[in-house]
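Architecture at a glance
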There are 2 protein chains.
Amino acid sequence: MNQLTRYLPILAWGRQYNRQTLVSDMLAAVIVTIMLIPQSLAYALLAGLPAEMGLYASILPLVAYGIFGTSRTLSVGPVAVVSLMTASAVGQIAATGSVGYLEAAMLLALMSGLFLLAMGLLRAGFLANFLSHPVIAGFITASGIIIAFSQLKHVLGISAHGENLLQMLISLARHLGDTNPITVAVGVPVLVFLFWVRSGLKPLLVKLGMADYPASLLAKTGPVLGVVATSVAAYYFGLGEKGVSLVGKVPVGLPNLQIPALDNPAWKHLLVSAIFISIIGFVESVSVGHTLAAKRRQKISPDQELIGLGAANIASSFSGGYPVTGGFARSVVNFDAGAVTPAAGMYTAGGIALAAIFFTPYLAYLPTATLAATIIVAVLSLVDLSILKKTWNYAKSDFIAVATTLLVTLGLGVETGVACGVFASLALHLYKTSKPHMAVVGEVPGTEHYRNVNRHRVITHSDILSLRVDESLYFANASYIEDRIYALLESQPEVRHVVLMCTAVNEIDLSALEALESINTRLIDHGIKLHLSEVKGPVMDTLQRSHFLQDLSGQIFLSHHQAVTSLSRHPATPGTGPSQNWDI
Amino acid sequence: MNQLTRYLPILAWGRQYNRQTLVSDMLAAVIVTIMLIPQSLAYALLAGLPAEMGLYASILPLVAYGIFGTSRTLSVGPVAVVSLMTASAVGQIAATGSVGYLEAAMLLALMSGLFLLAMGLLRAGFLANFLSHPVIAGFITASGIIIAFSQLKHVLGISAHGENLLQMLISLARHLGDTNPITVAVGVPVLVFLFWVRSGLKPLLVKLGMADYPASLLAKTGPVLGVVATSVAAYYFGLGEKGVSLVGKVPVGLPNLQIPALDNPAWKHLLVSAIFISIIGFVESVSVGHTLAAKRRQKISPDQELIGLGAANIASSFSGGYPVTGGFARSVVNFDAGAVTPAAGMYTAGGIALAAIFFTPYLAYLPTATLAATIIVAVLSLVDLSILKKTWNYAKSDFIAVATTLLVTLGLGVETGVACGVFASLALHLYKTSKPHMAVVGEVPGTEHYRNVNRHRVITHSDILSLRVDESLYFANASYIEDRIYALLESQPEVRHVVLMCTAVNEIDLSALEALESINTRLIDHGIKLHLSEVKGPVMDTLQRSHFLQDLSGQIFLSHHQAVTSLSRHPATPGTGPSQNWDI
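Residues numbered from 1 in each chain as written. Chains lettered and ligands numbered in written order. Predicted model: local features only at pLDDT ≥ 70, side-chain atom pairs only at ≥ 80, totals over all residues. Heavy atoms only, no water.

**As for the overall build of chain A**
- Helix and strand content of chain A: 26 helices and 10 strands.
- Judged by the C-alpha coordinates and their principal axes, chain A covers about 100 × 60 × 60 Å.
- Expressed as a percentage of the 584 residues in chain A, the buried residues total 56%.
- Across chain A, every contact between residues at least 6 apart in sequence was considered, and the portion connecting residues at least 24 apart equals 80%.
- When the accessible surface of chain A is totalled, it reaches about 23800 Å², and 64% of it is carbon and sulfur.
- Side chains of chain A carry 35 positive and 33 negative charges; the gap between the two charge centres is 11 Å. (Helix = DSSP H or I, 4+ residues; strand = E, 2+ residues; numbered from the N terminus. Buried < 20%, exposed > 50% of the residue type's maximum accessible area, 1.4 Å probe, protein only. Contact = heavy atoms within 4.5 Å. Areas by Shrake-Rupley, 256 points an atom, 1.4 Å probe, with all protein chains shown as cover. Lys, Arg positive; Asp, Glu negative; His and termini not counted. Charge placed at Lys NZ, Arg CZ, Asp CG, Glu CD.)

Encoded structure:
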């Protein structure tokens, strides 16, 4: 039973469902539905898909996530970055607007769903931890910039395209002369209105006498006003005939259920993209889910989230949608609007389904510029260049990771950007551990504590070299450490005992063990004994499975203080502090 | 001047050159030359090249290394693994025996030389440290097995080939019926003789009254007897007409100097192989160089070694040779024979040049089977399957690295094997650091030392959670550690202070800093203070560049003991030892 509840979280929260949760969830669903309609349409446009696919991707996926997901308030559906990645993946194998394009988008959702599901069943959620914050910040900001510029053409009524940001900007500049003034007359006011809605609508509502909380919720639904106003204007003034691009005729009703052809040869070309979309969607979704769950002292299970998102994407592909994930903005609105359980998402699905049935005829007159403006406003909030300054000040390796991800994403797209970012951050981490910090340590007077002779006024003994290696000993640093120890000893002819303080040594692998054995042998030749202190339990367990402890010329000490007090034959030298010139 | 000596080590040792070193070096050169002649011919055969290219690759490269190399006793030239890799790289773009094949082999040497040179100038020698001992042991053993089986056909006088070991074995079995009995009659006795030379020749010489040291040196030249005996037999009995494969006509004299065409379109196909050959050759050479240098308390400089090997490979390519590196067997012989400086290598080059001028006419009658037997005996000494048992007992991650490298090399070749081995060892290392060991610690009675409550009988305080995280805090483990801390606190309602003991924390990157900030905030909500103890200097430097220290609810303590004594308000609980059930 427990096992079943783990894989079907609905069995847990569903049992406690009551009238009160129903009311809360219903209210949240109404707000989110109104907010989602323009957003879903807009993200479908961003993905290069017909507007209705945005709605389709907001119906069944929400129900599927509601059954399998562990976050109580996550709202699943089309999101900006995944839509951009879908456009870039599918755009490489089919022309926008072709049947092949739609089929490929659905296939991509299916592949992504299956991949997520497999990751979940294999409990591979921890892999997402290898995307560091700098990498995530870098690609989110870069995606925001790319998306915003990619939508600018719709607001200007021109056509422009490019493989990367630079090409896009050049193409935009080249076509600037073709700007359609009427499109601009629609697009720019909507853009201004939407920016104002973000910050100005709520204060206005409060001024008009509305309470703070409902005002902030109502303000979230503001964008729908832009949709209605521009659609009405397009209808009455016949803007379609005046060169303003409109959404056009959209099929009425719910999507047909169908299983995408898995024998579509496109799958080979989509495989890498499906994996990237899955991982990036998962990371976005889990970080939102974590944040919201923490606010209510709830928990999400990353591995089960993979299953929930997998189910949502499979559902999306079966119902004419494209890849989805848990979105930041929509989830926050859902949470703020008082959603208590995933049922809120199911009611939202119902709302969107009603919209697909009754609202689609009116979409024909919706200007594309309105949707583009919706996207621009949404994604500009993702752009945060301050991370560059923050990482520059904090640690250069984090800065390099951000800058690499940002620049490569801008130049070569999200997939390459993220891959380079992850590679750079792992490479930097490994590089640092391959040349670890080492410190000669001495006793802090009046304590049994040992610290770096370069930083503290400590007591040392001329016949003992107390050395702290600040890293696990493993293949990448084994010979580096060996060389450093020999170099240190050359400058210390009086030393008779080398004590390696192993507080930071969490592992000694075979390569490092061989290095230790060779240090031990070489020191014996020089009449010096090698000792270890403060070796941790797990490391000691490993060493006991080798011959090293028998071969070791010295001893293993529980604490470094015990090592020094039991070994020293020379008088202690009071520390002169940081003036000592140890080159460490 | 110092800078010049660094890049031209010959200026350092050349200045101290005297009559005594001359005599030592000359003696060593004579021994090594006699040993090298059959070996060079054999490795050229292994590489699929005409026998004389093995000689050419043993002349100028030795001179070039003598000028630029830092090892006093390393002997550079064709070696088994690099010859195998050359055959596999060049074999993919040209047919064995074609002009294109020879040109590609020379181009490969040039590319490898340029790559090594570039690595040396960029001081990228540390990269070789990422090849762990298990990976090296795995591919050396696998290469030995592949090479031995690949030469078996020459001893049997049949033709067989395969892309991998399995195919090769099947092909061998299939052609077993074609075995040429006369070839076997030559090959098998030579094989037995060479095996006997390894262990039986020296005792025999000693028995005959020779002193121990000259006997062991002379024994190294034993294989040349096999060459002479079988060549003479082939000449007198006309074995060539009886189906025994002979080396055949070989050009007399020194190689023509020439620069390989760099516009050869083959370079694109050879690039990856050139990089692999360079790295693997470098690793082999440096490990031999290190071992020998340590015996005489000398040093080698890995970055300058890259330059030395780069020069050797460029020289090889200019003089009709193929990729070379410092070989294990030949260097040990050079060392044992008393070589004192790289001049020994230069005299060896002179010896090989004389052989190329005067000896080549006699090569026509040398049976291929003799060379194959030379190779088989040499490489079988590389095969060491005991590493599997050793790593299995010591650490499973090392075992996985060995097994992966061994199996993939056997199945898919050296390049793929090494790549998979390096990938596996890095992935395992990162995986371990992503789920680090954590220990709740308490005071070891009578000391100021704190150890794991699960392994030691220690004193704890119910209001303080003393937690030691055994890893640097970085993106891959930040959220794991965060979750673990929350889980621990749930089972400890009395805790008012969490003290993170940072002895093993060598880095806190931005992702981990954000995790710490969120832990800090969440603990404040629960009325718990977060403290850090024993934060190392470099980590403290980083933290001081952020807001964390201002936001931290608790303090930073120099030692964990100070933290506990100054924070505790509750009486100490004497430890009950390992019976406590902390699930860590």
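Read on, since the account is not over.
**So, the pairing of strand S3 (residues 438-443) of chain A**
Residue and element names in this part refer to chain A.
- With six of six residues buried, S3 lies mostly within the body of the structure.
- Because side chains alternate across S3, one face comprises the buried residues Met438, Val440 and Gly442, and the other comprises Ala439, Val441 and Glu443, equally buried.
- Looking at chain direction, S3 and strand S6 (residues 464-469) are connected through three bridges and run antiparallel. Its bridge partner lying in S6, Val440 is registered against Leu467.
- With three bridges connecting them, S3 and strand S4 (residues 450-452) associate as antiparallel partners. (Pairing = 2+ DSSP bridges.)

**A word on the interface of chain A and chain B**
- Between chain A and chain B, the contact holds 71 residues from the first and 71 residues from the second.
- In total, chain A and chain B occlude about 5900 Å² of area from one another, counting both sides; carbon and sulfur atoms represent 57% of this.
- Here chain A is connected to chain B by eight salt bridges.
- Lys432 of chain A is paired through a salt bridge with Glu507 of chain B; the nearest N and O atoms lie 2.4 Å apart.
- Of all elements in the fold, only helix H8 (133-156), helix H13 (267-295), helix H19 (386-394), helix H20 (396-412), helix H21 (414-434), helix H22 (475-490), helix H23 (510-525) and helix H24 (537-543) of chain A reach the threshold of two or more residues within the side of chain A that touches chain B.
- Per-element accounting of the side of chain A that touches chain B gives the leading share, seven residues, to H21 of chain A.
- Looking at the side of chain A that touches chain B, its residues break down into 22 nonpolar, 26 polar and 23 charged. (Buried area = accessible area lost by both parts, 1.4 Å probe. Salt bridge = Lys/Arg side-chain N within 4 Å of Asp/Glu carboxyl O. Nonpolar A, V, L, I, M, F, W, Y, C, P; charged D, E, K, R; others polar.)

**Observations concerning helix H14 (residues 302-318) of chain A**
Residue and element names in this part refer to chain A.
- Over its 17 residues, H14 runs 24 Å from end to end, which matches the ideal 24 Å to within 8%, given 1.5 Å per residue.
- Counting buried residues in H14 gives 15 out of 17 residues, a clear majority hidden from the surface.
- In the segment just after H14, Gly320 is the residue with positive phi, at about 75 degrees. (Expected span 1.5 Å × (residues − 1).)

**Quick look at the side chain of Ser83 of chain A**
Residues and elements named next belong to chain A.
- For Ser83, the location among the structural elements is in helix H6 (residues 80-91).
- Here Ser83 falls in the buried class, since its relative accessible area comes to 0%.
- What Ser83 contacts, discounting residues up to four positions off in sequence, is Tyr43, Leu46, Ala47, Pro78 and Tyr322.

**Re a nonpolar patch on the surface**
- There is a patch of nonpolar side chains on the surface, built from Val228, Val232, Tyr235, Tyr236, Phe237 and Tyr365 of chain A and spanning about 660 Å² of accessible area.
- With respect to the secondary-structure elements, Phe237 of chain A resides in the loop between helix H12 (223-236) and H13. (Patch = residues over 30% accessible without salt bridge, like charges linked within 9 Å, V, L, I, M, F, W, Y side chains within 5 Å.)

**Looking at the packing of aromatic side chains**
Residues and elements named next belong to chain A.
- Per the stated rule, a full pass over the model turns up 14 aromatic pairs over all chains.
- Considering the side-chain rings of Tyr235 and Tyr236, the 5.3 Å spacing of their centres and the 85 degrees angle between planes classify their relative orientation as edge-to-face.
- Since its relative accessible area comes to 47%, Tyr235 is described here as partly exposed.
- Since its relative accessible area comes to 63%, Tyr236 is described here as exposed. (Phe/Tyr/Trp six-rings, centres within 6.5 Å; stacked < 30°, edge-to-face > 60°.)

**Section: the packing of helix H3 (residues 19-46) of chain A against helix H16 (residues 343-358) of chain A**
Residue and element names in this part refer to chain A.
- One can describe the packing of H3 onto H16 by two numbers: an axis separation of 8 Å at closest approach and a directional angle of 45 degrees. Classified by the angle their axes make, H3 and H16 are oblique. The crossing of H3 and H16 is right-handed. Judged by residue contacts, Leu22, Asp25, Met26, Ala29, Val32, Thr33, Leu36 and Ile37 of H3 engage Ala343, Ala344, Tyr347, Thr348, Gly351, Ile352 and Ala355 from H16. (Axes fitted to C-alpha atoms, helices over the stretch in contact; angles between N-to-C directions. Parallel < 35°, antiparallel > 145°, perpendicular 65-115°, else oblique. Left-handed = near helix turned anticlockwise from the far one by under 90°.)

**Concerning the side chain of Ser171 of chain B**
- Among the structural elements, Ser171 of chain B can be located in helix H9 (residues 165-174).
- Those residues in contact with Ser171 of chain B that lie beyond four places of it in its chain are Ala160 and His161 of chain B.

**Concerning the relation of the copies chain A and chain B**
- When chain A is fitted to chain B, the residual RMSD is 0.1 Å, and the transformation amounts to a turn of 180 degrees plus an axial shift of 0.0 Å. Each copy turns onto its partner about a two-fold axis. Proximity to the rotation axis, assessed at the C-alpha, singles out Ala504 of chain A in chain A; its C-alpha lies 1.9 Å from the axis.
- Both copies contact each other with a shared surface, as 100% of the interface residues of chain A are interface residues in chain B too. (Least-squares fit on C-alpha atoms with pLDDT ≥ 70 in both.)

**What about helix H19 (residues 386-394) of chain B?**
- Along H19 of chain B, the residues classified as buried are Ile387, Thr391 and Tyr394 of chain B. Each buried residue of H19 of chain B lies within a common arc of 65 degrees when the element is viewed along its axis, so the set occupies one face.
- Of the surrounding elements, those touching the buried residues of H19 of chain B are H23 and H24 of chain A together with helix H8 (133-156) and helix H20 (396-412) of chain B. (Arc of directions from axis to C-beta.)

**What about the sheet that holds strand S6 (residues 464-469) of chain B?**
All names here are of chain B.
- Pairing in this open sheet of six strands is mixed, and the strands run S4-S3-S6-S7-S8-S9 from one edge to the other. The sheet terminates laterally at strand S4 (450-452) and strand S9 (556-557), the two strands that pair on one side only.
- Here five bridges tie S6 to strand S7 (residues 497-501), and the two strands are oriented parallel to one another. Residue Ser466 lies in a different strand from S7, and its bridge partner there is Val499.
- Each of S7 and strand S8 (529-533) touches helix H23 (residues 510-525); the most contacted strand, S8, lies at about 140 degrees to it.

**Re the pairing of S7 of chain B**
Residue and element names in this part refer to chain B.
- The buried fraction of S7 is high, at five of five residues.
- Neither face of S7 is exposed, since His497, Val499 and Met501 on one face and Val498 and Leu500 on the opposite face are all buried.
- In this region the chain leaves S6, passes through helix H22 (residues 475-490) and returns to the parallel neighbour S7; the handedness of that crossover is right-handed.
- In this structure, S7 lies alongside S8, joined through five bridges in parallel fashion. Paired with Leu500 across the two strands is Leu532, which belongs to S8. (Right-handed = clockwise from strand over helix to strand, strands pointing away.)

**Overview of the sheet that holds strand S8 (residues 529-533) of chain A**
Residues and elements named next belong to chain A.
- Pairing within the open sheet is mixed, and its six strands lie in the order S4-S3-S6-S7-S8-S9. What marks the edges here is a single partner per strand, and that holds for S4 and strand S9 (556-557).
- Lying over the sheet, H22 contacts S3, S6 and strand S7 (497-501), oriented at roughly 155 degrees with respect to S6.

**Points about the environment of Gln16 of chain B**
- Tracing the backbone shows Gln16 of chain B in the loop between helix H2 (10-15) and helix H3 (19-46).
- C-alpha separation for the pair Gln16 of chain B and His449 of chain B, spaced 433 residues apart in sequence, amounts to 55 Å.

**Concerning the packing of helix H10 (residues 181-207) of chain A against helix H11 (residues 212-220) of chain A**
Residue and element names in this part refer to chain A.
- It is at 8 Å that the axes of H10 and H11 come closest, and there the two elements cross at 145 degrees. Here H10 runs over H11; the crossing is right-handed. Judged by residue contacts, Val197, Leu201, Lys202, Leu205 and Val206 of H10 engage Asp212, Ala215, Ser216, Leu218 and Ala219 from H11.
- Its residues assigned to classes, the contact of H10 with H11 comprises seven nonpolar, one polar and two charged.

**Some words on unusual backbone geometry**
- Phi is positive for Arg123 of chain A, which is not a glycine, with a value near 55 degrees.
- At Glu534 of chain B, a position not held by glycine, the phi torsion is positive, near 55 degrees.
- By the secondary structure assignment, Glu534 of chain B is in the loop between S8 and helix H24 (537-543).
- Its relative accessible area of 12% is what places Glu534 of chain B among the buried residues.

**Examining the pattern of salt bridges**
- Going through the model one piece at a time under the given rule, you end up with 14 salt bridges over all chains.
- Counted as one network, the salt bridges with shared partners bring together Arg468 and Asp470 of chain A together with Lys536 of chain B.

**A look at the confidence of the model for chain A**
All names here are of chain A.
- Mean pLDDT over chain A: 89, with 98% of residues reaching 70 or higher.
- Across residues 579-584, confidence stays below pLDDT 50; counting only partners more than four residues off in sequence or on other chains, it has 16 contacts.
- Both confidence scores are given for the complex: pTM 0.87, ipTM 0.87. (pLDDT = per-residue confidence, 0-100.)

**A few points about the environment of Ser491 of chain B**
Residues and elements named next belong to chain B.
- Turning to its location among the elements, Ser491 is positioned in the loop between H22 and S7.
- Using a relative accessible area of 48% as the deciding quantity, one classes Ser491 as partly exposed.
- Reaching out from Ser491, the side chain makes a polar contact with the backbone oxygen of Leu488 at a distance of 2.8 Å. (Polar contact = N/O pair within 3.5 Å; in protein donor to acceptor, adjacent residues only side chain to side chain.)

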